[in-house]
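# Structural characterization, general
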Amino acid sequence: MHKIKKTSFSGSSCIYPNNAKQPMQESSLLTDELEYTNEPYAKAKIAGIRMCKS
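Residues numbered from 1 in each chain as written. Predicted model: local features only at pLDDT ≥ 70, side-chain atom pairs only at ≥ 80, totals over all residues. Heavy atoms only, no water.

The chain is annotated in an unreviewed UniProt entry as NAD-dependent epimerase/dehydratase family protein of Christiangramia antarctica.

Here it is, written out as structure tokens:
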């Protein structure tokens, strides 16, 4: 067993809705549709963030 105390996971601007107000706030996450061309990548990044939180 490893004794890991902290982890780090980086998100990117593509995880925010296409029309998020600038400057982007963390509270904007999952408030509207994602950019179509980034959607699969964004969903994977969001899943990673949620995994880290749990």
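Still more to cover.
### Observations regarding the overall build of the chain
Heads up, the rule is: Secondary structure is summarised from DSSP: a helix means a run of H or I of at least four residues, a strand means a run of E of at least two, and numbering begins at the N terminus for each. Our radius of gyration looks at C-alpha atoms and nothing else; its globule reference is 2.2 Å times the residue count to the power 0.38. The buried label goes to any residue with under 20% of its type's maximum accessible area, the exposed label to any with over 50%, and the partly exposed label to all in between, with areas taken from a 1.4 Å probe on protein chains only. Every residue pair with non-hydrogen atoms within 4.5 Å of one another is taken to be in contact. Methods summary: accessible areas were calculated by the Shrake-Rupley approach with a probe of 1.4 Å, and residue burial reflects only the protein chains presented. Charged-residue counts in this description rest on Lys and Arg as positive and Asp and Glu as negative, His and the chain ends being excluded. To locate a charge, take atom NZ for lysine, CZ for arginine, CG for aspartate or CD for glutamate.
Of regular secondary structure, the chain possesses one helix and zero strands. The C-alpha atoms of the chain give a radius of gyration of 13 Å, which is well past the 10 Å a tight globule of 54 residues would have. The buried share among the 54 residues of the chain stands at 24%. Put simply, 40% of the contacts in the chain that link residues at least 6 apart link residues at least 24 apart. In the structure as shown, the chain presents an accessible area of about 4800 Å², 52% of it carried by carbon and sulfur atoms. In the chain, the 8 positive side-chain charges and the 5 negative ones have mean positions that sit 19 Å from each other.

### Examining helix α1 (residues 39-53)
Definition in use: To estimate the expected span of a helix, count its residues, drop one, and scale the result by 1.5 Å. Picture the helix axis, draw a direction to every C-beta atom, and the arc is the one those directions span.
Over its 15 residues, α1 runs 21 Å from end to end, which matches the ideal 21 Å to within 8%, given 1.5 Å per residue. Of the positions making up α1, those classed as buried are Ala42, Lys45, Ile46, Gly48 and Ile49. Around the axis of α1, the buried residues are gathered within 155° of arc, so they sit on the same side. Facing away from the buried side of α1, by more than 90 degrees, are the exposed residues Pro40, Ala44 and Met51.

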